Structure formats: structure tokens, C-alpha cells
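Coordinate inspection notes
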Amino acid sequence: MARRELVLMTDHSSTEGSREILSTAVRALTGREPVLLDARHFMTGGTGRITGAGGPTGPGGDDAPRLEVPGEGPAVTAEAVIVYEIPPHRRRDFEACQRLLHAHGARSLGTGVDAWRAATEKDRTVERFARDGVPHMPTLAFSRPSREAVAEAFERLGGDVWARPTVGMGGNDVFHLTTEAQLAAAARYYAEAGADWLIARDARNFTADGRRHQYRVVVLDGRVVRAVEHVQPDPDAPCNESRGAVSTVLPESELPAGLAELAISATKSLGLPLAGVDLAAESGGVVFEVNVHPQFGTVGGLESVAVPYVAAHLAPQ
């Protein structure tokens, strides 16, 4: 029987560092190195292959999936496949790989196509939340709208909204809009980019001294494993570290009442066993979005998220 390896599949063009942290978690738990595969080989147009092992099944048999990139080394028989760090705009191209992993029985946590789509495409996220009663700010989605439709939606939402692309990450291309001129500029921007987009009513998530703040709560298998508060001094900027927000890791006990339960309900609504949930306590407690592959952060992310996430791939199913 071929030796089974722990495969770590990520997009190797990414510079966020999740691959290195997950590799460290694998070494800590197993004492061996993961096999690193570039997920781009398994996207649309790539040469990566996923097949059955071809051996006998049942006790003592070798029915694990085999992964191969021709010209990049021998095929690997996978004990488990950890998938991470796939950028939102490439996830549709990765869906065939996800389906093959499932078809060949790979132990790979949280790679369901429907769940990824529901979290990645924010209009679908809103639909799921509305279906399941997950609190969120009133939101309207656009696909090449008329000027009149945009203006009407802006008025319906009170003239104080956040605009964002349907598919995006890191606070990129996100705007706080409070005037018709800003609205028109945002509409032109998305039209020129050929992007679908949406607007959501502002949650008024301010600290007492006027700074924006929100929380990132990471949920794994129905329990909170990490909580971070983001504080943004610019009230018109997204609460992302890349946009100047300051992040502080918190004990779960310091989350405002109800936010842990809200984060768990949001991940359940989308069907994700692991997710990073962005939410606020203001406006009654609301979810902004759910991230398929939350970044681990520089403080405690290895121990609180990466190690238990890898361990979940090693546990008997």
C-alpha cells in the first residue's frame, strides 16, 4: 500500500502567509512535512489530476485519492487534503477540483462548492441570511443597473450606505457613500470594472470616540476558536488591517453578548465548518460577511485556528 501523505493545497502566488502557518501546524501535529501542491494546477486549464488510487478497498486496502501534476513529481496518495488560501476571484475555476476531491472520497474539510459560492458571492450570502433569519443590514444587489435603479436603492436605504463588489477581498473596492455624487462615482467605477456590486445600509458601528469598530470571529465545527476586534480611525474606510484598522485579539468572553452565537449561526447558514465572520454589535447585532479562508493573524493564530483546523483533517471520519 502506498504511503499516504498529508497534502496542503494553496495558491502559491499568494503572499499572505497561510501556507507557512499551516505547514507549521502539520509539523507540530504529525512530526512530518506536508506535501505542498499549487492549487493553480488544479484550476480551470491546469494540468493537475485527481484520481482513485486504483487499489483494493476495505480493511487494509488503499482507496485514498491520488493527486498528480505531470512534470512536477510523482503522484501522491493523500491521507487528507487541506485546501486554503484560494482567492475569491479564482474559486469558480477551482470548483471542478472540489468536486473531484469529493468524488474520490478525499478527507478535505469545508470544500463544498455550494458553501464556497454562498460565502464568496455576497449577493448569495444575503439570500442565505434572509432565508435563515441571520441578522444583517438591509442590502440591495446590482448587475449593470440603470442610474435610476441605483438612485432609488440609495434612497430606500437611507442615503448612508457601503458599496462593495459582489466578489472581493481585503476591503478592496469598498466605498462609504453618503452623497449622490459619491454614488454616481461608485456606479461608474463598478461599471468600468464590469463588476456586479451591492450596497448595504450603514450599521453605525462606532466607538464612543467616533471610530469604526467590528469583530472577526473564527468558527470551527460550531464553536468559536478566535475573536479579534478591529478599530478603524477613519470612519469612511473599511475595518481591515490593510486599510489602517488596528486589531486586538480578545478572549471569547469579551465579545459583546450574542455575537458568538450570531457568528455560529452565520457559518451554519452558509454550510461552512470553518469561517471568519465579520460582524458588529450595533444595530442589534449584524453580520457583514463570512470568509471561507480567514487569515490567521500574527498573534495566536497558529495555536487557536491552524492547529485545530489541521487536527480536524486527521480525526477519523
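Analysis parameters
Along each chain, residues carry numbers from 1 onward, in the same order as the chain's sequence is written. A pLDDT threshold of at least 70 governs which residues receive local features in this predicted model, and a stricter bar of 80 or more applies before side-chain atom pairs are shown or counted, although totals over entire chains, interfaces and linings include all residues. To get the side-chain values, all heavy atoms of the structure are used, and hydrogens and water are removed first. Any Phe, Tyr or Trp ring, taking Trp's six-membered ring, that has another such ring centre within 6.5 Å forms a pair; planes under 30 degrees apart are called stacked, those over 60 apart edge-to-face, and the others tilted. Elements are defined by DSSP. Helices are runs of H or I of four residues or more, strands are runs of E of two residues or more, and each kind is numbered from the N terminus. Think of it in three bands: with a 1.4 Å probe and only protein chains considered, a residue is buried below 20% of the maximum accessible area for its type, exposed above 50%, and partly exposed in between. Cation placement over rings: the criterion is NZ of Lys or CZ of Arg within 6 Å of the ring centroid and within 35° of the ring normal. Two N or O atoms form a polar contact when they lie within 3.5 Å of each other; inside protein one atom must be a possible hydrogen donor and the other a possible acceptor, and for residues adjacent in sequence the pair counts only when both atoms belong to side chains. Residue contacts are counted whenever heavy atoms from the two residues lie within 4.5 Å of one another.

Re the packing of aromatic side chains
Throughout the structure, instances matching the rule amount to 8 aromatic pairs. Here Phe175 and Tyr189 contribute two aromatic rings whose centre-to-centre distance is 5.3 Å and whose plane-to-plane angle is 80°, an arrangement assigned as edge-to-face. One end of the pair, Phe175, is in strand S8 (residues 175-177); the other, Tyr189, is in helix H6 (residues 180-193), and 14 residues separate them in sequence. A relative accessible area of 27% places Phe175 in the partly exposed class. Look at Tyr189 and you get partly exposed, because its relative accessible area is 35%. Here the aromatic rings of Tyr189 and Tyr190 are separated by 5.7 Å at their centres, their planes lie at 80°, and the arrangement is edge-to-face. With a relative accessible area of 1%, Tyr190 lands in the buried category. Taken together, the aromatic side chains of Phe142, Phe175, Tyr189, Tyr190 and Trp197 make up a single cluster linked through ring pairs. For the cation-ring pair, Arg91 lies above Trp116, with the distance from its terminal atom to the ring centre recorded as 5.7 Å.

Concerning the side chain of Thr120
With respect to the element layout, Thr120 can be found in helix H3 (residues 113-120). Residue classification places Thr120 among the buried residues on the basis of a relative accessible area of 5%. A distance of 2.8 Å separates a polar atom in the side chain of Thr120 from a polar atom in the side chain of Arg91. Contacts of Thr120, omitting those with residues within four sequence positions, involve Pro88, Arg91, Thr166, Val167 and Val292.

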